[in-house]
Amino acid sequence: MTEAVRLVRWATRLSSIAVSSVFLLIMALAITNEDAPQTPAIPVLVLLALTIMGCIAAWRWEKIGGGAAIIGAIGLGIAVYAASSAFGLDSYLLLLMSMYSLPFLVIGILFLACGYLTRPS
C-alpha cells in the first residue's frame, strides 16, 4: 500500500468521524427534545442511524461499509425530500437534501475507493 493511499484512508476515516459526530449530535437533540419527533422525521432519523453504522462498518470492511454508506446516503436524500415536502420546506429542498446526503455519499465513495486500491493483487 502506497503512502498516498494510506493518507486518503486516514483522511476518509477522520472525515467519517467528523460527519458522524455532527449528525449524531443532531439525532441526539432531535430525540431528547421535549417535543417528540414528528412522523415525517422518523424515517430520516432511522436512515441517519443506519448510514452512520455503515460508516462505522467501513473502518473494518471498506467495501461493504462504503457501499452501505452510499446506499444510506441515497435513501437519506429520498427521506429528506419526503420530510421536507411534508413540513412545507419546498424552497429549501435541494439544500436540505445535499446537507444530509452529500457528506455520506462522498465518504462512502472514498471508502470504496480505498477498498479497491488496497485489495490484494
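Residues numbered from 1 in each chain as written. Predicted model: local features only at pLDDT ≥ 70, side-chain atom pairs only at ≥ 80, totals over all residues. Heavy atoms only, no water.

Some details on the pattern of salt bridges
Taken as a whole and judged by the stated rule, the model has two salt bridges. Among the ionic pairs, Arg6 bridges to Glu3, the shortest N-O distance being 3.3 Å. You can see Arg6 and its partner Glu3 sitting in helix H1 (residues 3-32), three residues apart, about one turn around the helix. With relative accessibility at 35%, the residue Arg6 sits in the partly exposed group. (Salt bridge = Lys/Arg side-chain N within 4 Å of Asp/Glu carboxyl O. Helix = DSSP H or I, 4+ residues; strand = E, 2+ residues; numbered from the N terminus. Buried < 20%, exposed > 50% of the residue type's maximum accessible area, 1.4 Å probe, protein only.)

Let's talk about the environment of Leu7
Locating Leu7 in the fold gives a position in helix H1. Separated by 77 residues in sequence, Leu7 and Ser84 place their C-alpha atoms 37 Å apart.

Quick notes on helix H3 (residues 62-87)
The terminal C-alpha atoms of H3, which comprises 26 residues, lie 36 Å apart, in line with the 38 Å expected from a rise of 1.5 Å per residue. Following H3 by one or two positions, Gly88 has its phi on the positive side, about 75°. (Expected span 1.5 Å × (residues − 1).)

Some points on the packing of aromatic side chains
Under the definition given, this model contains three aromatic pairs. Aromatic pair Trp10 and Trp59: ring centres 6.0 Å apart, planes at 85°, arrangement edge-to-face. Highlighted residues: Trp10 in helix H1 and Trp59 in the loop between helix H2 (41-57) and H3, separated in sequence by 49 residues. Accessibility expressed as a relative area gives 31% for Trp59, which makes it partly exposed. Where Phe23 meets Tyr100, the ring centres are 5.4 Å apart and the plane angle is 50°; that geometry is what we call tilted. Of this pair, Phe23 sits in helix H1 while Tyr100 sits in helix H4 (residues 93-117), and the two are 77 residues apart along the sequence. Classification of Phe23 by relative accessible area gives buried; the value is 7%. An aromatic cluster of at least three residues, connected via ring pairs, comprises Phe23, Tyr100 and Phe104. When the ring centre of Trp10 is taken as origin, the NZ or CZ atom of Arg13, which lies over that ring, is 5.0 Å away. (Phe/Tyr/Trp six-rings, centres within 6.5 Å; stacked < 30°, edge-to-face > 60°. Lys NZ or Arg CZ within 6 Å of the ring centre and 35° of its normal.)

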